[in-house]
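# Coordinate analysis (summary)
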Amino acid sequence: MNRWIIGVLIILLVGGSIYMFTNKNDYKEAPYAAGMNFDLEKVEPFLKHLSSTVLDKGFSQDDINSISSEIDKMKHNEVREIGTFDVIYKGKPTKIRIEAEFHSDEDSPPEVVLYMYSHQELVDNIDEEMMKTEEETE
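Quick caveat, the model's predicted, so the values are computed rather than measured. (Residues numbered from 1 in each chain as written. Predicted model: local features only at pLDDT ≥ 70, side-chain atom pairs only at ≥ 80, totals over all residues. Heavy atoms only, no water.)

## A word on the nonpolar core
Within the largest apolar cluster, 29 residues are counted, with the highest numbers of intra-cluster contacts made by Phe59, Ile71, Ile96, Ile98 and Met116. When residues of this core are traced back to their parent elements, those giving at least two are strand 1 (32-39), helix 2 (43-53), helix 3 (61-72), strand 2 (79-89), strand 3 (92-105), strand 4 (108-118) and helix 4 (120-137). Residues within four places of Ile96 in sequence aside, it is in contact with Leu55, Phe59, Gly83, Thr84, Phe85, Val87, Met116, Tyr117, Ser118, Leu122 and Ile126. (Core = buried A, V, L, I, M, F, W, Y, C linked by side-chain atoms within 4.5 Å. Buried < 20%, exposed > 50% of the residue type's maximum accessible area, 1.4 Å probe, protein only. Helix = DSSP H or I, 4+ residues; strand = E, 2+ residues; numbered from the N terminus. Contact = heavy atoms within 4.5 Å.)

## Points about the environment of Ile67
In this structure, Ile67 sits in helix 3. The spacing of Ile67 and Ile98 is 31 residues in sequence and 8.6 Å in space, taken between C-alpha atoms. Ignoring sequence-local partners within four residues, the contact set of Ile67 consists of Leu47, Phe59, Ile82, Phe85 and Ile98.

## As for helix 3
Helix length check: helix 3 (12 residues) gives 16 Å between terminal C-alpha atoms against 16 Å at 1.5 Å per residue, within 8%. Burial in helix 3 covers these residues: Asp63, Ile64, Ile67, Ser68 and Ile71. With its buried residues spanning 130 degrees around the axis, helix 3 presents them on a single face. Exposed and facing more than 90 degrees away from the buried side of helix 3 are Asp62 and Asp72. For helix 3, the secondary structure elements touched by its buried residues are helix 2, strand 2, strand 3 and strand 4. (Expected span 1.5 Å × (residues − 1). Arc of directions from axis to C-beta.)

## What to know about the pattern of salt bridges
Across all of its chains, the model carries 9 salt bridges by this definition. The partner of Lys73 in a salt bridge is Glu70, with the nearest N and O atoms 3.3 Å apart. Look at the salt bridges and you will find they share partners, linking Glu70, Lys73, Glu78 and Arg80 into a network. (Salt bridge = Lys/Arg side-chain N within 4 Å of Asp/Glu carboxyl O.)

## Considerations on the packing of aromatic side chains
Scanning all chains against the criterion turns up 2 aromatic pairs. Ring centres of Phe38 and Phe46 lie 5.0 Å apart, and the angle between their planes is 45 degrees; on these two criteria the pair is classed as tilted. Accessibility expressed as a relative area gives 2% for Phe38, which makes it buried. Classification of Phe46 by relative accessible area gives buried; the value is 3%. Above the plane of the ring of Tyr117 lies Arg97, whose end atom (NZ or CZ) is 4.0 Å from the centre. (Phe/Tyr/Trp six-rings, centres within 6.5 Å; stacked < 30°, edge-to-face > 60°. Lys NZ or Arg CZ within 6 Å of the ring centre and 35° of its normal.)

## Re the sheet that holds strand 2
In space, the 4 strands of this open sheet follow the order 1-4-3-2, with antiparallel pairing throughout. Every interior strand has two partners, whereas the edge strands, strand 1 and strand 2, have only one. Direction aside, neighbouring strands of the sheet carry axes that sit 25 degrees apart on average. In this sheet, strand 4 lies alongside strand 1 in antiparallel orientation, the contact comprising 8 bridges. Bridging from a neighbouring strand, Tyr32 pairs with Ser118 of strand 4. Along the sheet, helix 2 makes contact with strand 1 and strand 4, crossing strand 4 at roughly 30 degrees. Lying on the sheet, helix 3 is in contact with strand 2, strand 3 and strand 4; it crosses strand 2 at an angle near 170 degrees. (Pairing = 2+ DSSP bridges. Axes fitted to C-alpha atoms, helices over the stretch in contact; angles between N-to-C directions.)

Structural data, given as structure tokens:
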């Protein structure tokens, strides 16, 4: 009976380890995110800027059009996962998952909060670019 219990525990440990390591690139659960409020018309220029400064190969025009289209469909105070995009950062393929939170009312222009999820180093660099962008608009 003890051998059976030990066998089951070993199977569970090995199975859990295999799951953990085979799903390490699941960016739905990426723990790091950079986020910033953008006026609606500033989203596309920021994505293009990010693609030409931080990323070796960034968002394609189709990606940017898709992101903009998804944001355009959003309702006031809606949060939506926009998608996960393949990019090249420091010569290595990686992914950026984007979520958006849309805000609009009669008294102010529409705004979107973009959240970008990926690994820590890339998120830190995206966050730096967001801060630079914010400082430039002040």
